[in-house]
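These are the residues of each chain, in order.
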Amino acid sequence: MTRILSILLFSLVLSACVSPPAELHRSTFDSRKIELIRLMDRDAKIQYQRSDSSTAAAAGAGLLGALVGSAIDSGVNTKRSKSLAPLLAAMADYNPNLYLKSALENEATGAAFQHPVKVTTGSTTEGKLIPRVIPSYTIAPGFDNVYVSLSVSVEQLIDNEKDYQSLYTSNAFNDREGTDEEKRQNWIDSPHKLIAKLQRAISEAVQRFVADFNGDAYIEAEPAEGEYPVHALPLKYTVADDSSETVGSQQGRPSIMGSAYPALVEQLNSSDTMTMRAAAIQAGQNKSYDDEGIIAACISVLEKNLVSGVGIKDKYLIDGLAWCALNLGNAGSMESKPVLGRISASDLPRKLRKHAMHALKQINGGN
């Protein structure tokens, strides 16, 4: 009992020593506006959500628990980092801070801001009434969400007044339902979707920051109009708006006309890895690989990925392409020999090359 009372007393002493956060003196903006915002461009990369198991272990099991927890924590974070790598590769050199800078320039309006406000990056800018914005972009371990947080601090105009500090956050959800791997693959296949989610969350976090400084209640709104940067993804990942597309109408994609399995051909042509893979497996297991539409779709899928490249860790994509190669071998497709030969001689992942060589052997009458 004495020990419990001592702990409670110690906690009260600690809490008494913690001073309350400074308030923002918004009346300052009646006579002087914010003219400059400093964007702390420390790290513009999207990162994974780190595990904190070592902290919990330390709290519950002392030094030994901290050491064990730290080892577990390191392994978990390494695994998460590797899992995120293909997604970052798909986004190429995308820099979310470019969008954040533009969002601040376009959306920082109202009582607290001189419009247009200037946003600077690079060397540290000191001075009063210059908000310092530190961004953070995080992907949840299950690829359910992308999180954006803006840590903002500003030196106030009144002498000896503490800096005002606050955190503004937002998040956006993955549209794909299913397993963690299916959600991850969705964003790998369509990085433009992740970028759109991320930019929406950035704009929302900026609006929360602006509303707070203006003394307004935050009201969700569409991003302000302005010259927002358009990020051009590499050709490999360029996806056109297919809202009005008729199946089989895209140039370079096999038509489903004349096929006995139109739905399967459509799925093989899908830009979604999981859909393509499932269709390739179904064609193989159902022995529908002799169909002209299936053959044409398998050749098209292989040619497309031969040009764009396949990452060694894209296991579902590799598996789907391997099934396409096997289907062509089982069909004895002579027209597929050129693409199968190029794959066999390429530096694509070993599993895919192996299945392409096996398919060629079947077509050529080998065992």
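(A) Structural detail: the overall build of the chain. Each helix and strand counted, the chain has 11 helices and six strands in total. Taking as baseline every contact in the chain between residues at least 6 positions apart, the subset at least 24 positions apart corresponds to 70%. Here the chain displays about 20000 Å² of accessible surface, and carbon together with sulfur accounts for 53% of that area.

(B) Structural view of the nonpolar core. Core analysis: the biggest nonpolar cluster contains 44 residues, and I37, F113, F209 and F213 have the highest contact counts within it. Per-element accounting of this core gives the leading share, 10 residues, to helix 5 (residues 191-214). A279, A297, L321 and C324 belong to the second-largest nonpolar core, a separate cluster that totals 32 residues.

(C) Inspection of the packing of aromatic side chains at higher detail. The full count for this structure, using the stated rule, is five aromatic pairs. Judged by centre distance (6.3 Å) and plane angle (35 degrees), the ring pair of F113 and F213 falls under tilted. On the criterion of sequence distance, the pair formed by F113 in strand 3 (residues 113-120) and F213 in helix 5 is long-range, its members being 100 residues apart. Here F209 and F213 contribute two aromatic rings whose centre-to-centre distance is 4.9 Å and whose plane-to-plane angle is 70 degrees, an arrangement assigned as edge-to-face. Remark: F213 and F209 occur in helix 5; sequence separation between them is four residues, near one turn of the helix. Residue F209 is classed as buried on the basis of its relative accessible area, which comes to 1%. On the basis of relative accessible area, F213 is assigned to the buried category, the value being 1%.

(D) Structural context of helix 4 (residues 180-189). Of all 10 residues in helix 4, eight are buried; the element is thus mostly enclosed. Buried residues of helix 4: E181, K183, R184, Q185, N186, W187, I188 and D189, and no others.

(E) Quick peek at the packing of helix 9 (residues 315-331) against helix 11 (residues 350-363). At a minimum axis separation of 8 Å, helix 9 and helix 11 run at an interaxial angle of 5 degrees. With respect to each other, helix 9 and helix 11 are oriented roughly parallel. When helix 9 is examined against helix 11, the residues I318, D319, L321, A322, A325, L326, L328, G329 and N330 are found in contact with a partner set consisting of K351, L352, H355, A356, H358, A359, Q362 and I363. A breakdown of the residues in the contact of helix 9 with helix 11 according to their chemical character gives 10 nonpolar, five polar and two charged.

(F) How the structure looks around helix 3 (residues 96-107). For helix 3, with 12 residues, the first-to-last C-alpha span of 16 Å sits near the 16 Å given by 1.5 Å per residue. In terms of burial, helix 3 is a largely internal element, nine of the 12 residues being buried. Those residues of helix 3 not exposed but buried are P96, N97, Y99, L100, S102, A103, L104, N106 and E107. Where helix 3 is buried, its residues touch strand 1 (34-39), strand 3, strand 4 (132-139), strand 5 (145-154) and helix 5. Two or three places before N97, at the start of helix 3, stands the capping residue N95, its side-chain oxygen 2.9 Å from that residue's backbone nitrogen.

(G) Just unusual backbone geometry, in detail. The step from H115 to P116 runs through a cis peptide bond, and the omega angle for that step is 5 degrees. Here P116 lies in strand 3. Positive phi values are uncommon outside glycine, yet L129 reaches one of about 60 degrees. Residue position: L129 is located in the loop between strand 3 and strand 4. The residue F143 is not glycine, and still its phi comes out positive at about 60 degrees. The class for F143 is buried, based on a relative accessible area of 6%.

(H) Just the packing of helix 10 (residues 337-344) against helix 11, in detail. At a closest axis distance of 8 Å, the pairing of helix 10 and helix 11 adopts a crossing angle of 140 degrees. By the angle between their directions, the pair helix 10 and helix 11 is classed as oblique. Along this stretch, helix 10 crosses helix 11, giving a crossing that reads as left-handed. Mapping the contact onto sequence places K337, L340, G341, I343 and S344 in helix 10 and L352, R353, A356, M357, A359, L360 and I363 in helix 11. Here the residues of the contact of helix 10 with helix 11 sort into eight nonpolar, two polar and two charged.

(I) Examining the confidence of the model for the chain more closely. The share of residues in the chain with pLDDT of 70 or more is 71%, and the mean pLDDT across the chain is 76. Per-residue pLDDT, averaged within each element of the chain, yields its smallest value for helix 1 (residues 2-17) (47) and its largest for strand 1 (93). Within the model, pLDDT remains below 50 along residues 53-61, and this stretch shows 13 contacts once partners closer than five positions in the same chain are excluded. Ignoring residues within four places in sequence, the model shows residues 64-72, a span with pLDDT below 50, making 10 contacts including any to other chains.

(J) Spotlight on the pattern of salt bridges. One pass over the structure, following the stated rule, counts 10 salt bridges. In this structure, the salt-bridge partner of R132 is D163, at a minimum N-O distance of 3.1 Å. You can see R132 sitting in strand 4 and its partner D163 sitting in the loop between strand 5 and strand 6 (164-173), a full 31 residues away along the chain. Given the relative accessible area of 14%, R132 is considered buried.

Definitions and limits used
- Going along each chain's sequence as written, the residues are numbered from 1 onward.
- The predicted nature of this model means local features are confined to residues of pLDDT at least 70 and side-chain atom pairs, given and counted, to a pLDDT of 80 or more, with totals for whole chains, interfaces and linings taken over all residues.
- As a rule here, side-chain values cover all heavy atoms of the structure and leave hydrogens and water aside.
- Helix numbering and strand numbering both begin at the N terminus, where a helix is a DSSP run of H or I of at least 4 residues and a strand a DSSP run of E of at least 2.
- In what follows, a contact means two residues having at least one pair of non-hydrogen atoms within 4.5 Å.
- The protein chains shown are the only cover counted for residues, whose accessible areas, like all others here, come from Shrake-Rupley with a 1.4 Å probe.
- Take the buried residues of types Ala, Val, Leu, Ile, Met, Phe, Trp, Tyr and Cys, join any two whose side-chain atoms come within 4.5 Å, and each joined set is a nonpolar core.
- Exposed residues in this analysis have more than 50% of their type's maximum accessible area, buried residues have under 20%, and partly exposed residues fall in between, with area computed by a 1.4 Å probe over protein chains only.
- Put simply, two rings from Phe, Tyr or Trp (the six-membered ring, in Trp's case) pair if the centres are within 6.5 Å, and we call them stacked under 30 degrees between planes, edge-to-face over 60, tilted for the rest.
- To get an axis, fit a line to the C-alpha atoms, keeping to the stretch in contact for a helix; angles then go from 0 to 180 degrees between the N-to-C directions.
- Each angle receives one of four descriptions, namely roughly parallel if under 35 degrees, roughly antiparallel if over 145, roughly perpendicular if within 65 to 115, and oblique otherwise.
- Charged residues are taken to be Asp, Glu, Lys and Arg, nonpolar residues to be Ala, Val, Leu, Ile, Met, Phe, Trp, Tyr, Cys and Pro, and polar residues to be all remaining types, Gly included.
- In a helix, the anticipated span is given by 1.5 Å times the number of residues less one.
- Distance and chemistry together define a polar contact, namely a pair of N or O atoms within 3.5 Å, with one atom able to donate a hydrogen and the other to accept it when in protein, and with adjacent residues in sequence counting only for side-chain atoms on both sides.
- Left-handed describes a crossing in which the near helix is turned anticlockwise from the far one by less than a right angle; the clockwise case is right-handed.
- pLDDT measures the predictor's confidence residue by residue and takes values from 0 up to 100.
- Salt bridge, as used here: a side-chain nitrogen of Lys or Arg that lies within 4 Å of a carboxyl oxygen of Asp or Glu.

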